[in-house]
Amino acid sequence: LVFRGRYLHVDSTWMKSAACQAAGFMSLVSSEVSAVTIMFITVDRFIALSFPFTRFRFRTRSALVACGLSWLFGLALATVPLLPPTAHWQFYSQTGICVPLPITRKEFQGRSFSFGVMIIFNFIVFVFVAIGQALIYRAVRNNSMMGDTTRKSRDTTIARRLVTVAVTNFLCWVPIGLCGLLASSGVQVPGEVNVAMAIFVLPLNSAFNPFLYTYNVVAEKRRLRREERLLKALKAELEAHREDIVHS
């Protein structure tokens with residue numbers, strides 16, 4: 001609305017503005033914190049299911065520390081391009097959408113940092129998550145064949161919740177990583193792909209994560225309530241049947 005009809009004349013001003021820098025900063029923080037958090041959750045579920053008797057697990061304090069480290073790491077990565085030694089980088093101002101996705105062949109100052117963070121680091125994280133998911137799946141199968149205790153059943157339920165979140169994040173970052181690798185090897189990637197990834201894929205994935213976490217919890221609580229109702233109905237039926245037997 002602000003730039004309608006005149007953006008062509010002020011695009012450089014917009015890309016260098018504080019609002020554009022802030023938008024790119026928040027985008028980078030959200031994506032990196034999300035990736036690292038999912039990695040920590042994968043590690044926690046793997047330990048809980050593969051080594052159920054170990055004392056080395058995320059407790060409340062260690063989980064808070066891990067979340068704090070995730071936020072500090074994301075904030076640090078997003079702050080580096082804004083520091084005085086790197087102020088000349090066109091990190092958040094390479095395009096009008098302010099998101100530092102290096103998935104085209106366009107060269108800009110700070111591209112190496114952007115490629116290292118957005119492509120290499122995230123690709124390594126989600127390969128790690130994919131391997132962790134495979135190991136978790138194997139642990140879940142082993143637990144189901146051995147017979148679940150209450151603790152194992154709870155750990156398995158949490159692991160299943162993680163699957164939907166990890167899969168959607170993996171499906172988001174795989175095409176971004178592939179486009180970045182293709183662009184770095186000299187393949188022509190249309191600029192429209194960059195726009196589509198930044199406008200649709202990244203925000204959609206980030207917006208889905210809270211709903212996926214919440215949906216899994218709500219669905220689990222709904223299932224437990226349904227089981228409680230069935231159990232109460234069964235107990236009432238057995239009690240009535242016992243009274244009939246006593247009276248007869």
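This text follows the structure it describes.
Residues numbered from 1 in each chain as written. Predicted model: local features only at pLDDT ≥ 70, side-chain atom pairs only at ≥ 80, totals over all residues. Heavy atoms only, no water.

(A) Summary view of the overall build of the chain. What the chain contains, in helices and strands, is six helices and zero strands. Its helices and strands taken in sequence order, the chain reads α-α-α-α-α-α from the N to the C terminus. Residue burial in the chain is summarised as follows: out of 248 residues, 35% are buried. Counting contacts in the chain only where the partners sit at least 6 residues apart, residues at least 24 apart contribute 72% of the total. Approximately 15,200 Å² of the chain is accessible, and the part contributed by carbon and sulfur atoms is 69%. (Helix = DSSP H or I, 4+ residues; strand = E, 2+ residues; numbered from the N terminus. Buried < 20%, exposed > 50% of the residue type's maximum accessible area, 1.4 Å probe, protein only. Contact = heavy atoms within 4.5 Å. Areas by Shrake-Rupley, 256 points an atom, 1.4 Å probe, with all protein chains shown as cover.)

(B) Representation of helix α1 (residues 7–15). Residues of α1 that are buried: Val 10, Trp 14 and Met 15. Buried residues of α1, seen end-on, are gathered within an arc of 145 degrees and therefore sit on one face of the element. The outward face of α1, more than 90 degrees from its buried face, is lined by the exposed residues His 9 and Thr 13. Taken together, the buried residues of α1 touch α2 (18–50). (Arc of directions from axis to C-beta.)

(C) Representation of the state of the cysteines within the structure. All told, the structure shown has one disulfide when counted by the stated rule. Covalent S-S linkage joins Cys 20 and Cys 98, the inter-sulfur distance amounting to 2.0 Å. The S-S bond linking Cys 20 to Cys 98 shows a torsion near -120 degrees; that makes this disulfide left-handed. With Cys 20 in helix α2 and Cys 98 in the loop between α3 (60–79) and α4 (111–146), this residue pair connects regions lying 78 residues apart in the sequence. The exposure class of Cys 20 is buried, given its relative accessible area of 0%. Since its relative accessible area comes to 2%, Cys 98 is described here as buried. (Disulfide = S-S within 2.5 Å.)

(D) The arrangement of the nonpolar core in detail. Ranked by internal contacts, the top residues of the largest apolar core, which has 29 residues, are Leu 28, Leu 101, Ile 103, Met 118, Trp 173, Ile 176 and Leu 202. Breaking this core down by element, the ones donating at least two residues are α2, α3, α4, α5 (150–184) and α6 (191–247). For this core, the element with the highest residue contribution is α4, accounting for seven residues. Sequence-distant contacts of Ile 103, defined by excluding residues within four places in its chain, comprise Ile 119, Ile 176, Cys 179, Gly 180, Ala 183, Val 189, Val 193, Asn 194 and Met 197. (Core = buried A, V, L, I, M, F, W, Y, C linked by side-chain atoms within 4.5 Å.)

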